[in-house]
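A look at the structure
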Amino acid sequence: MFDLANAITNWKSQLNINHTLKNEDIAELESHLVDEIDALQIKGLSSEESFLIATKRLGTNEVLAEEFGKNNLPSLWVHRITWMFLGTLMWGMATGLFGFIHRGTLIALQHTSLSKAWIISICSVAMIAFVAGIGFLVRGIIHGSALNQRISSLKRWGIFALLLIIPQLIGVTNGIMIRPLQKVIINDPSILSAFSFTTFIHSAISLIIKIAMIYFVAWHFSKNRKTIAV
Amino acid sequence: MHLSKELVAASATPLVLSVLSQGDSYGYAIIKRVSELTEGEVQWSDGMLYPVLHRLEKQGHIVSEWKKAETGRRRKYYRLEPGGLATLKEEKKKWTVLNNALSTLWEEKPCLI
């Protein structure tokens, strides 16, 4: 059974893809949609048919976001800059954690009786697994774009604060780890070759990610140039 | 008939102001009125009207107010302001000039002999 009220609520929650629509705009569009649905139902259409036709006539989410974006450009940029700032903080956290995993596994494995080849392999696998994990996380966030709308503002500030604090903690931990790493190298200079190998993998992965990000940003901007250069 | 985005954007202001000059109205009714007048030939994407209305409001041509409609739901009504009426007069002049020019051109019969 088609639930009209539920369908309208869903439609509203997916409307604001660009964060360019104010709550008042959404209320106005909803009032229009309901008027149209009423008119279509009087003509004898079912509530589901009326809903589908009314939403189609109103325009796709992309069209609405683009048209409203022309008026509400400041709010669009506040939203973008917030995400740029968040992105920088997250990048700092991810690179910090990446270094932590690299050095951490090396120091931890040094105390085992594993051979150098094993240490290098485990360390590399840990780094790749970490990057893949972050990749899946980002993919999940992008695909579940409704996610950030469901996070309440209180939680959003909590996440924001954590993002400010955690990178500092990781930075301090990484700093502290330099001593044990030096000790490890002094005790067994042959570990240096393993360390330089894993450092090479570390840098290579970082480089690939940076190139991928530049490519993604360039692709994204060329795709959306029309919307941005309003 | 499909109108280009540019033509829709250019004609939206005089159409909206003209509809409002006949009395206060709300988005849905304005669209219905325009589609009635053009006999459904001009198809706007309905949602495109609202940014136009908001821009006209920002420019001071019209004002809006949320009111309770006869259905019991709330609706945002728009009213033409004196500034909007002046703009409408200007628009009228421009469109009359264009209309006259095109009509004259289209009425001229080429001499074939």
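Quick note: structure is the one above.
Remember, predicted model here, so these are calculated numbers, not experimental data.

Here is what the cut-offs are and how they apply
- Residues numbered from 1 in each chain as written.
- Chains lettered and ligands numbered in written order.
- Predicted model: local features only at pLDDT ≥ 70, side-chain atom pairs only at ≥ 80, totals over all residues.
- Heavy atoms only, no water.
- Helix = DSSP H or I, 4+ residues; strand = E, 2+ residues; numbered from the N terminus.
- Buried < 20%, exposed > 50% of the residue type's maximum accessible area, 1.4 Å probe, protein only.
- Contact = heavy atoms within 4.5 Å.
- Areas by Shrake-Rupley, 256 points an atom, 1.4 Å probe, with all protein chains shown as cover.
- Buried area = accessible area lost by both parts, 1.4 Å probe.
- Salt bridge = Lys/Arg side-chain N within 4 Å of Asp/Glu carboxyl O.
- Axes fitted to C-alpha atoms, helices over the stretch in contact; angles between N-to-C directions.
- Parallel < 35°, antiparallel > 145°, perpendicular 65-115°, else oblique.
- Left-handed = near helix turned anticlockwise from the far one by under 90°.
- Patch = residues over 30% accessible without salt bridge, like charges linked within 9 Å, V, L, I, M, F, W, Y side chains within 5 Å.

1. Focus: the overall build of chain A
A count of helical and extended segments in chain A gives 10 helices and zero strands. When its helices and strands are written in sequence order, chain A yields α-α-α-α-α-α-α-α-α-α. Taking all 230 residues of chain A together, 29% fall into the buried category. A separation of at least 24 residues holds for 72% of the contacts in chain A among residues at least 6 apart in sequence. Here chain A has roughly 14,300 Å² of accessible surface; of this, 70% comes from carbon and sulfur atoms.

2. Let's talk about the interface of chain B and chain A
Contact residues are listed per partner, giving 21 residues for chain B and 22 residues for chain A. Approximately 1,900 Å² of surface area, both sides summed, lies buried where chain B meets chain A, with 47% of it carried by carbon and sulfur atoms. Looking only at chain B, the three residues that lose the most surface to chain A are Tyr 28, Tyr 50 and Arg 73 of chain B, adding up to 30% of its buried area. Across the pair Lys 76 of chain B and Glu 24 of chain A runs a salt bridge, and its minimum N-O distance is 3.0 Å.

3. Describing the packing of helix 1 (residues 5–21) of chain B against helix 4 (residues 82–107) of chain B
Residues and elements named next belong to chain B. The geometry of helix 1 relative to helix 4 is characterised by a closest axis approach of 10 Å and an angle of 125 degrees between their N-to-C directions. As judged from the angle between their axes, helix 1 and helix 4 are oblique. For helix 1 against helix 4, the interelement crossing comes out left-handed. Within the contact between the two elements, helix 1 uses Ala 10, Ser 11, Thr 13, Pro 14, Leu 17, Ser 18 and Ser 21 and helix 4 uses Gly 84, Thr 87, Leu 88, Glu 91 and Trp 95.

4. Looking at a nonpolar patch on the surface
Where nonpolar side chains cluster on the molecular surface, the patch consists of Tyr 215, Phe 216, Val 217, Trp 219 and Phe 221 of chain A and spans about 550 Å² of accessible area. For Val 217 of chain A, the position within the fold is in helix 9 (residues 191–223).

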